[in-house]
Every structure is written in structure tokens, then in C-alpha cells.
Amino acid sequence: SEFGYDTQPPSTVLSQYAKPYGIHTSEELQGQWILRTYLYALSSGVDKSFMFNLCDENSATQGYCFGSSGLLTSESTGYKKKQSWKDVDWLVRELNGWTFKKDVSIDGVKVFEFRNKIWVKYFYWSPTSNDSFCEFKIGKKTLIATEKIQSIQLNRALDWTGIKPINNDNNEKN
């Protein structure tokens, strides 16, 4: 499986452009979408998943499909790290030594459970594109899911009381 998300506006109808909205930049959205894609792939049992491309093409600003989908800018701009580089680095470190167990999502919050020998780790986010958020509980912890993927690690034997939504009637930002 191969995927990528461009950070430059498209010049063709073929595009996976991370179009900015609200306070989010294309580079922030690219990072969020890459992390979501990797987590969805793991939860679906995909053996291998490849993000295309390591660096942008020198023609990235021309808007060609996947021309600006790199984790780094192009050679002509000095291979600078984009936000997605930092995001993928974070996810790799967070997942090292953990195995996907199950999808424990609730209404308004995507939640994936990973385990190692003693601990359980949850990756969670609000799967929207309108800056909404959702307050919920994992174990004894009250959390706020935003569009940015977050994680929490718990000792399952000591902290576990389930996953529960909290009334979210007023959680959408205007």
C-alpha cells in the first residue's frame, strides 16, 4: 500500500492535496493524515504501507500530483524537514515495542489500542475536518480528542475502567 498527501495546491484534477482550513496549514494536515493512514493500516492488518515520497520534487510548487508529498522539501530548497517529518518520527517512537490490539472507538472519537507486556497505549483523535473536539474518558483519565493524534499509556490492571463518552453537545468550535 502506498499513499501521499501534497502540501502545494494542485494544478491538475489528480491530487491528494491537504487543503488548509481553520488554523491548520497544509503541512500540519499532511502530518495528521499520514499518521491516521499508518494507524488505519495497522488496525486493518496491512503488512506494509509506504508513504510516497521522502522528499518533494524540485517541481513541487507547480502542483503536480505527489510532487509535494515529501516529508522533506526538495533538493532545490535544501531538504528541510516538514511538520510531517516530526509527526512520523513521533509516531515511530510511540509505536516502537507496541502491537496493535483493537479498535475501541466511540462516537466522535477514533481510538486504537496497542499493547506491550504490561501496558496499554491508546492513540486517539477526533476524525473531523471542522476543528471540533470531543471530551471522553479512558480509564480514570478525562481526555479531549482534537483532530491531532494524541496518545496515552496506562497500566491496564491499575487504570482500566473502560472508555466512555462525556456529553459533547457544545464541543464544536465556531
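Refer to the structure above for everything that follows.
Just so you know, these numbers come straight off a predicted model, no measurement behind them.

Conventions used here
- Residues numbered from 1 in each chain as written.
- Predicted model: local features only at pLDDT ≥ 70, side-chain atom pairs only at ≥ 80, totals over all residues.
- Heavy atoms only, no water.
- Helix = DSSP H or I, 4+ residues; strand = E, 2+ residues; numbered from the N terminus.
- Rg over C-alpha atoms; globule rule 2.2 N^0.38 Å.
- Buried < 20%, exposed > 50% of the residue type's maximum accessible area, 1.4 Å probe, protein only.
- Contact = heavy atoms within 4.5 Å.
- Areas by Shrake-Rupley, 256 points an atom, 1.4 Å probe, with all protein chains shown as cover.
- Lys, Arg positive; Asp, Glu negative; His and termini not counted.
- Charge placed at Lys NZ, Arg CZ, Asp CG, Glu CD.
- Expected span 1.5 Å × (residues − 1).
- Arc of directions from axis to C-beta.

Caption draft 1: Local environment of the overall build of the protein chain. The secondary structure content of the protein chain amounts to three helices and nine strands. Ordered by position from N to C terminus, the α and β elements of the protein chain give β-α-β-α-β-β-β-β-β-β-α-β. Against the globule reference of 16 Å for 174 residues, the protein chain gives a C-alpha radius of gyration of 17 Å, in line with a compact fold. Based on the C-alpha atoms only, the size of the protein chain along its principal axes is roughly 55 × 40 × 25 Å. Out of the 174 residues in the protein chain, the part that is buried amounts to 41%. Nonlocal contacts in the protein chain, meaning residues at least 24 apart in sequence, comprise 50% of its contacts between residues at least 6 apart. Accessible area for the protein chain stands at about 9800 Å²; split by element, carbon and sulfur atoms hold 51% of it. Averaging the coordinates of the 21 positive side-chain charges in the protein chain and doing the same for the 20 negative ones gives two points 9 Å apart.

Caption draft 2: Representation of helix H2 (residues 83-95). For H2, which comprises 13 residues, the first-to-last C-alpha distance of 19 Å matches the rise-based estimate of 18 Å (1.5 Å per residue) to within 8%. Regarding H2, the residues found buried are Ser84, Asp87, Val88, Leu91, Glu94 and Leu95. In a view along the axis of H2, the buried residues occupy a sector of 125 degrees, so they form one face of it. Relative to its buried face, H2 has exposed residues pointing more than 90 degrees away, namely Val92 and Arg93.

Read these as geometric descriptors, not functional statements.
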